[in-house]
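Per-entry structural report
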Amino acid sequence: MNTYFQDKVAVVTGAGGMICSQVSLDLAALGITVVLVGRTAEKLEKTAAAIREQGGNCAVYTCDVTDEKAIYALADEVYAKFGRVDYLINGAGGNNAKAQPAIVAFDPMELDENRPADFKGLYNIDTEAFESVLRINTMGTFYPTMAFARFMVGKGGSVVNFASMNSYCPLTRNFAYAMSKAAVVNLTQAMAAYFANAGIRINAVAPGFIVNERSKLILGTVEEGLTKRGQDVINHTPMGNFGKAADMSGAVKWLIDDRASGFVTGITVPVDGGFLTLSGV
Ligand SMILES: NC(=O)c1ccc[n+]([C@@H]2O[C@H](COP(=O)([O-])OP(=O)(O)OC[C@H]3O[C@@H](n4cnc5c(N)ncnc54)[C@H](OP(=O)(O)O)[C@@H]3O)[C@@H](O)[C@H]2O)c1
C-alpha cells in the first residue's frame with residue numbers, strides 16, 4: 001500500500017458543500033487526515049460520517065472563514081491538535097441572488113421610483129449582499145491561507161483555491177461573484193510568488209458548471225431537462241454535460257501532490273468540459 005499521504009493533514013473549507021464534501025472524501029481515501037471546516041456543523045458531520053464509513057480520518061470544526069480572528073484561532077487549534085498542516089483547500093465560497101439583478105442589460109425602469117416591486121436592475125440590488133459575496137470569495141480565501149501557511153513555512157505545503165468560469169469572463173448578472181472569482185485567480189498568482197521561497201505552492205481550480213441542489217434550480221439537468229440558462233451552458237460546453245464534484249478531486253489531488261506537481265505554482269486549472277475553448281460564436 002502506498003503510504004505517501006498517510007501522515008498528512010489537509011484542511012478543507014466549505015467541506016459540507018457539494019464539491020468539497022466529495023474532495024474531502026477523496027482526500028481521506030488517500031489516507032490524509034481531513035479537517036472539515038464550514039459554518040454549519042450538520043453539513044460537516046454528514047461529510048465526516050461518509051469519511052468515517054469508508055475508514056478515513058477527519059475532524060469537524062465550525063468557523064466563518066471571513067472572520068480573521070476566528071480563522072487564526074482555528075489554525076492554532078488545528079496545529080496544536082495535529083502537529084502539522086500540509087494542505088489547505090479553500091473551497092468555501094458562493095454567490096447570493098440578492099446581489100444580482102434580474103435583467104441582463106440596463107433598463108431605464110431601474111431608476112424609476114415607481115417601478116414594479118419585483119423589477120430588479122443593477123441599481124436595485126442589495127449592495128450589502130454584493131459586498132458579502134466579495135468578502136466570502138476573496139477574504140474567505142485570503143485569511144485561511146495566511147493563517148494556515150504559518151504552519152507550512154519551511155516544511156512544504158500546498159494550497160488550492162476555488163476560482164470559476166466567471167474568473168475569465170463574467171456570466172450575465174453575476175457581477176459580485178465574477179469580480180471576486182477573477183480576484184481569486186490574481187490572488188493565487190500573487191500569493192504563489194510571495195510564498196514560493198517558503199516552500200509553499202499555491203494554485204487554483206476553476207470548476208466549470210457543476211450541478212448542486214441550488215444550481216439545479218437555475219440550470220436543470222441534462223437528464224431531466226434544462227432551463228434556458230442550462231441549455232446555453234451546454235451549448236457552450238463541447239463535452240455536452242455539466243461536471244461532477246468528483247471531477248474536481250483529480251485536479252486537487254494533482255495540485256497537492258509534490259511528486260506530480262512539485263514545480264507548479266500560481267496556476268488556475270480549468271475543469272470545465274471545454275467551456276473555455278469556445279467564444280460562443
Ligand atoms: N458548483 C459550481 O458549479 C461551481 C462552479 C465554479 C466555482 N465553484 C466554487 O467552488 C466552491 C465550492 O462550490 P460548491 O458548489 O460546492 O458550493 P456549496 O455547495 O454552496 O458549498 C460551499 C460551502 O462553503 C461554506 N461556506 C460558505 N460561506 C462560508 C463562510 N463564510 N465560512 C465558512 N464556510 C462557508 C458553505 O457552508 P456553510 O454555509 O455551512 O458555511 C458551503 O457548504 C465555491 O468556492 C464555489 O464558488 C462552484
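Everything that follows concerns the structure shown earlier in this document.
Just so we're clear, the structure is a prediction, and the values are computed from it rather than from any experiment.

The subject of this paragraph is the site of the ligand. Lining the immediate environment of the ligand, one finds 27 residues, of which Gly14, Gly17, Arg39, Thr40 and Gly93 sit closest. Among the elements of the structure, α1 (18–29) and α4 (127–149) are those that each provide at least two residues to the shell around the ligand. With three residues, α1 is the single largest residue contributor to the shell around the ligand. Per-class residue counts for the shell around the ligand are 10 nonpolar, 14 polar and three charged.

This part is about the sheet that holds strand β9 (residues 268–271). Sheet architecture is open: seven strands sit in the order β3-β2-β1-β4-β5-β6-β9, paired in parallel fashion. In this open sheet, the two edge strands, each paired with only one partner strand, are β3 (58–62) and β9. Pairs of neighbouring strands in the sheet enclose a mean axial angle of 20°, with direction left out of account. The pairing of strand β4 (residues 87–90) with strand β5 (residues 157–162) spans four bridges and is classified as parallel. Each residue of the ladder has a partner; that of Ile89, found in β5, is Val160.

Here we come to the pairing of β5. Among the six residues in β5, six count as buried, and that is most of the element. A two-sided burial pattern is seen for β5, the buried positions comprising Gly157, Val159 and Asn161 on one face and Ser158, Val160 and Phe162 on the other. Summarising the sheet, β5 and strand β6 (residues 200–207) pair through six bridges and their orientation is parallel. Paired with Phe162 across the bridge in β6 is Val205. Once you follow β5 into helix α5 (residues 175–195) and on to β6, the crossover reads as right-handed.

What follows deals with the packing of α1 against helix α2 (residues 41–53). The geometry of α1 relative to α2 is characterised by a closest axis approach of 10 Å and an angle of 25° between their N-to-C directions. The angle between the axes of α1 and α2 places the two elements in the roughly parallel class. Relative to α2, α1 is oriented so that their crossing is right-handed. From α1, Ser21, Ser24, Leu25 and Ala28 reach across to α2, where they touch Thr47, Ala50 and Ile51. Looking at the contact of α1 with α2 residue by residue, the class counts come to four nonpolar, three polar and no charged.

Calculation notes
Residues numbered from 1 in each chain as written. Predicted model: local features only at pLDDT ≥ 70, side-chain atom pairs only at ≥ 80, totals over all residues. Near = placed C-beta within 6 Å. Helix = DSSP H or I, 4+ residues; strand = E, 2+ residues; numbered from the N terminus. Nonpolar A, V, L, I, M, F, W, Y, C, P; charged D, E, K, R; others polar. Pairing = 2+ DSSP bridges. Axes fitted to C-alpha atoms, helices over the stretch in contact; angles between N-to-C directions. Buried ≥ 20, exposed ≤ 12 C-beta atoms within 10 Å, placed from the backbone. Right-handed = clockwise from strand over helix to strand, strands pointing away. Parallel < 35°, antiparallel > 145°, perpendicular 65-115°, else oblique. Left-handed = near helix turned anticlockwise from the far one by under 90°. Contact = placed C-beta atoms within 7 Å.

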